[in-house]
Amino acid sequence: MAEMKSPSKNLIQADPLIIPDVFEGYSLTYFNLPLHYRDDLKSVLIPYGFVQDRIESLASRIFSDIHVNLPEQLICLCVLKGGYRFFADLISKIQQENRLQNIRSLPMSLEFIRLRNHLNNQLEIIGLSDLNRLKNRNLLIIQDIIDTDSTMITLKQELEKFQPKTMHVVSLFTKRQKDQPCVFKPDYCGFEIPDQFVVGYALDYNEYFRDLEHICILKESAFLKYNYHHSNSNISQLRIQRKTLEQLTQERDELEKSFRLAESLENQKRDEEKTKKLQELIRTKDHLQSDVQNEKSLSLELDAEIREWEKKVRSKQTEVGGAHAGVTFNANVRKQERVLENRLDTALKRFNSLLSANGLLRSEIDNLRNERERYENLSEKSEKELRNLRLQLVECIEHSVASYEQRKDANSKAIILQNKAESDKAAAEAEMRELERQISHDRKLRDFMKLKAQERHEDEDLVTYRKRKEAEAAEKRRKEKEEHSVEAYESKFQQIQEISGEHDLQKLVDKFIEVEDKNFALFNYVNELNNQIETLQEEIADIRNEIRHFESQGVALEDRQKRKVEEIERKRHQATILADEYEEKHRATKAILDECRTGIDSIFKKIGCDRTQIDHLLQSHEGVTEDSMLRYLGIIEERTNELLTAQATISAKEQNIPLRERAPNLIGDGPSGPPPNVPIHLPNTEDRRDPDDREGKTEDELKPLTREELKQRAIDHVRNLEKRALQQEQSKYSDLLPTSREKATSGTTRAGIGADPEKTSPTRVR
């Protein structure tokens with residue numbers, strides 16, 4: 001079977017990609033480089049990804065150009081040390097081509113060599129024990145970089161001594177200089193770089209920088225820095241070079257001595273005689289060579305005449321044929337008939353097998369088309385159910401959020417109105433109590449003043465009798481002696497002095513006034529305390545009523561919340577059951593899809609479809625997937641149409657029937673287009689948590705949510721809203737309690753202003 005080549009791979013250039021001299025490389029800030037090398041590098045000339053892509057293209061070109069069949073192998077020679085990274089990646093890419101190509105492959109064997117240059121321009125190859133086994137073998141020499149030295153030329157000349165069958169050289173880099181080009185041009189090359197000292201990707205300077213990934217330009221300061229560590233090896237190398245120089249000077253002296261001896265007269269005469277003899281010998285040699293050429297030409301003419309006579313003899317023999325010419329002719333005809341009959345029999349057998357296989361394929365294709373229709377119907381039904389379920393879930397979430405917000409607004413409005421009514425009522429009651437307190441205080445003050453203005457009440461008869469007696473006595477005294485009234489006052493005053501023990505009349509009056517003032521102040525203080533007690537008792541009763549009202553309201557709120565949570569849990573359970581059913585349907589549909597994919601792949605291989613076309617179209621080698629299933633079916637349909645057309649053509653030729661009358665009904669016109677994109681409306685998964693909780697959100701919460709995570713997010717959202725509403729209500733209740741305490745405190749303060757507890761007597765309260 002003839003070998004096939006991919007035309008796309010031949011378009012890959014084997015010549016190097018030329019990097020101009022003006023290009024100074026990329027800045028180091030765009031790459032992640034080792035810290036210990038960052039100060040020693042000037043710039044990045046070629047990034048690692050660019051190098052890998054170029055190596056892959058070189059591997060594709062080598063695989064398409066070099067053809068080796070078993071038992072032969074392509075011997076890949078790696079030139080160490082700098083070429084091991086390029087060698088490993090290139091071999092890996094070629095092995096990848098071996099795995100992906102189904103038409104042919106490239107067998108390989110790997111060898112490693114090292115080169116050592118001596119001062120006498122000799123090259124020593126280290127690594128291969130027996131170089132003679134390279135004879136009649138295919139060689140691929142892999143080198144990291146080729147610059148202006150002639151090492152590769154010498155290596156190729158040394159290897160050609162062992163007569164290899166083919167020899168190719170591949171290099172990742174070739175370096176040019178301004179004054180001279182590269183002396184050797186490899187068969188395959190990746191990049192042509194300017195005259196810069198590059199390191200990285202196993203290229204080193206004094207065994208450093210091999211661990212770099214990118215191809216970088218080295219700074220001039222790094223030469224001194226890393227050359228210091230190898231001073232001992234350089235000293236030993238200088239000693240060796242000094243010895244070789246001494247040997248070369250000795251050889252030069254010997255050559256000069258022999259040259260002076262050769263310039264003597266005797267030697268010149270001998271040389272002249274020898275030159276004459278050589279000239280004569282050359283002339284005789286030329287004469288003999290001309291005679292030999294003449295003889296050869298004569299022998300060639302004779303051979304040509306002999307061949308012509310032999311042809312004439314054979315033609316005569318064929319014309320005559322001899323006695324057995326007819327027998328041999330009949331035998332040949334019968335032999336040819338048997339050969340043609342055998343060929344016809346094999347063709348008929350193959351045609352019958354193709355007919356049977358074609359029938360099986362038609363039945364399989366019909367089954368697959370029916371299964372595809374069933375799968376599409378099931379898929380559409382499941383997608384519709386999934387969309388409806390998601391819409392229901394979104395509506396439930398939105399209704400729950402809207403109802404919760406409405407309840408929250410209604411509660412807040414009711415609480416605001418209740419607080420306003422309570423505050424208005426409390427203000428009115430406080431104003432009413434203040435007015436009642438003032439009225440009571442005025443009434444008590446008026447009664448006290450009346451009591452002070454009047455004397456102590458006695459019996460009316462006794463009072464009238466006493467008044468009459470006193471009037472009679474006064475009239476008698478007035479009539480008898482006016483002096484008796486002064487004496488009576490004096491006697492009364494003496495009695496008061498005896499009782500009080502105070503003989504000064506002015507002090508006695510002042511003391512009486514002071515005692516009366518104290519009694520009045522104590523009376524006022526006791527009245528204020530009574531008013532405060534009444535106010536506090538009224539506030540305590542109001543607070544108790546509010547506590548009972550809030551307790552009843554909290555119980556009702558808890559009952560409503562429990563009912564809503566139970567309703568949400570019931571809906572969630574129903575949604576979970578539906579989701580499990582859809583998951584089961586999805587798994588069954590996926591199993592059917594896997595079977596369809598396996599059957600399509602089997603049919604694709606059996607009918608001999610071209611896989612390179614679909615791989616190139618899809619830009620992948622994954623095989624049959626859910627996205628590419630329709631494209632594979634289209635190619636199978638086209639191939640089936642081709643087979644049916646070919647079968648119809650063969651049968652039409654055999655039966656001498658026109659093709660249109662004999663042609664079967666074909667399957668279709670080609671692959672259908674990609675499936676339409678079905679829009680899926682996902683529920684709102686916005687994070688409605690508190691801002692404090694939202695700040696601690698990690699990167700894992702930014703990924704797409706699963707069904708369980710979405711369900712948990714909705715439950716957490718409802719709980720957070722209920723918790724927030726409960727906290728707001730508690731804060732409002734806590735704001736109401738200090739107001740009652742402040743009222744009690746203000747009442748106590750008003751009672752204590754301007755009152756002295758020691759100035760009023762408690763006996764005047766009632």
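Novice: Quick one: what's the story with the overall build of the protein, residue by residue and with numbers?
Specialist: Each helix and strand counted, the protein has 16 helices and 10 strands in total. In the protein, which comprises 766 residues, the proportion classed as buried is 25%. Put simply, 71% of the contacts in the protein that link residues at least 6 apart link residues at least 24 apart. Counting only carbon and sulfur atoms, one obtains 53% of the accessible surface of the protein, whose full area is about 54700 Å².

Novice: Lay out the packing of helix H12 (residues 611–618) against helix H13 (residues 629–655) in plain terms, naming residues and giving numbers.
Specialist: Taken N-terminus to C-terminus, the directions of H12 and H13 make an angle of 150°; their axes are 11 Å apart at the nearest point. One element, H12, and the other, H13, form an angle in the roughly antiparallel class. Like other packed secondary-structure pairs, H12 and H13 cross with a definite hand, here right-handed. The residues of H13 that touch H12, namely those facing Arg611, Ile614, Asp615, Leu617 and Leu618, are Arg631, Tyr632 and Ile635.

Novice: Could you give an account of the sheet that holds strand E1 (residues 17–18), with specific residues and numbers?
Specialist: Judged by pairing direction, the sheet is mixed, and its seven strands sit side by side in the order E1-E8-E7-E6-E3-E4-E5 without closing on themselves. Here the strands that pair on one side only, and so sit at the sheet edges, are E1 and strand E5 (123–126). Relative to strand E4 (residues 108–117), strand E3 (residues 74–80) is paired through seven bridges, and the arrangement is parallel. Looking at E4, one finds that valine 79 is bridged to isoleucine 113. Of the strands in this sheet, E3, E4, strand E6 (138–146) and strand E7 (166–175) touch helix H3 (residues 84–100), which is tilted by about 165° from E4. The strands that helix H4 (residues 151–160) touches are E3, E4, E5, E6 and E7; relative to E5, the one it contacts most, it runs at about 70°.

Novice: Run through the pairing of E6, naming residues and quoting values.
Specialist: Burial analysis of E6 places eight of its nine residues in the buried class, the great majority of the element. Taken together, the five bridges between E3 and E6 define a ladder with parallel strand orientation. Bridge pairing in E6 places leucine 74 opposite asparagine 138. Sheet topology note: the E6/E7 ladder contains eight bridges and is parallel. Within the sheet, the bridge partner assigned to leucine 140 lies in E7 and is histidine 168.

Novice: Can you lay out the packing of helix H2 (residues 48–65) against H3 for me, pointing to particular residues and giving the numbers?
Specialist: Between H2 and H3, whose axes approach to 9 Å, the crossing angle comes to 50°. Relative to H3, H2 is oriented oblique. Relative to H3, H2 is oriented so that their crossing is right-handed. Two secondary-structure elements touch here, H2 through Tyr48, Gln52, Ile55, Glu56, Leu58, Ala59, Ser60, Ile62 and Phe63 and H3 through Arg85, Phe86, Asp89, Leu90, Lys93, Ile94, Glu97 and Asn98.

Novice: Residues and numbers for the confidence of the model for the protein, please.
Specialist: When pLDDT is averaged across the protein, the result is 77; 80% of the residues are at 70 or more. Within the protein, the lowest mean pLDDT, 46, falls on helix H1 (residues 7–10), and the highest, 92, falls on strand E10 (residues 215–218). Taken as a whole, residues 695–699 scores under 50 in pLDDT and shows three contacts with residues more than four places along the chain or in a different chain.

Novice: With reference to specific residues and values, describe the packing of aromatic side chains.
Specialist: The full count for this structure, using the stated rule, is 11 aromatic pairs. With centroids separated by 5.4 Å and ring planes inclined at 90°, the aromatic side chains of phenylalanine 197 and tyrosine 205 adopt a geometry described as edge-to-face. The exposure class assigned to tyrosine 205 is buried, which follows from its relative accessible area of 14%. Each ring, one from phenylalanine 604 and one from tyrosine 632, has its centre 5.0 Å from the other, and the planes form 70°; the classification is edge-to-face. Residue phenylalanine 604 is located in helix H11 (residues 505–606), and its partner tyrosine 632 is located in helix H13; the two are separated by 28 residues in the primary sequence. Comparing phenylalanine 604 with tyrosine 632, the two get one shared label, buried. Through pairs of rings, three or more aromatic residues link up here, namely Phe23, Tyr26 and Phe31. In this structure, lysine 312 is placed above the aromatic ring of tryptophan 309, and the distance from its NZ or CZ to the ring centre is 4.5 Å.

Novice: Which residues make up a negative patch on the surface, and what values do they have?
Specialist: Judged by side-chain charge, Glu251, Asp253, Glu254 and Glu256 come together as a negatively charged surface patch. Structurally, glutamate 251 is set in helix H6 (residues 231–262). According to the relative accessible area criterion, glutamate 251 is partly exposed, its value standing at 45%.

Novice: Tell me what's going on with a nonpolar patch on the surface, and back it up with residues and numbers.
Specialist: Side chains of Leu80, Tyr84, Leu110 and Phe112 sit close together on the surface and give an oily, nonpolar patch of about 330 Å² of accessible area. Residue tyrosine 84 is classed as partly exposed on the basis of its relative accessible area of 36%.

Novice: Break down the environment of isoleucine 142 for me, with residues and values.
Specialist: Among the secondary structure elements, isoleucine 142 is positioned in strand E6. Exposure remark for isoleucine 142: the relative accessible area of 0% places this residue in the buried category. For the pair formed by isoleucine 142 and valine 79, sequence separation is 63 residues and the distance between their alpha carbons is 6.3 Å.

Reading the values: the criteria
- Residues numbered from 1 in each chain as written.
- Predicted model: local features only at pLDDT ≥ 70, side-chain atom pairs only at ≥ 80, totals over all residues.
- Heavy atoms only, no water.
- Helix = DSSP H or I, 4+ residues; strand = E, 2+ residues; numbered from the N terminus.
- Buried < 20%, exposed > 50% of the residue type's maximum accessible area, 1.4 Å probe, protein only.
- Contact = heavy atoms within 4.5 Å.
- Areas by Shrake-Rupley, 256 points an atom, 1.4 Å probe, with all protein chains shown as cover.
- Axes fitted to C-alpha atoms, helices over the stretch in contact; angles between N-to-C directions.
- Parallel < 35°, antiparallel > 145°, perpendicular 65-115°, else oblique.
- Left-handed = near helix turned anticlockwise from the far one by under 90°.
- Pairing = 2+ DSSP bridges.
- pLDDT = per-residue confidence, 0-100.
- Phe/Tyr/Trp six-rings, centres within 6.5 Å; stacked < 30°, edge-to-face > 60°.
- Lys NZ or Arg CZ within 6 Å of the ring centre and 35° of its normal.
- Patch = residues over 30% accessible without salt bridge, like charges linked within 9 Å, V, L, I, M, F, W, Y side chains within 5 Å.
- Salt bridge = Lys/Arg side-chain N within 4 Å of Asp/Glu carboxyl O.
- Lys, Arg positive; Asp, Glu negative; His and termini not counted.
- Charge placed at Lys NZ, Arg CZ, Asp CG, Glu CD.

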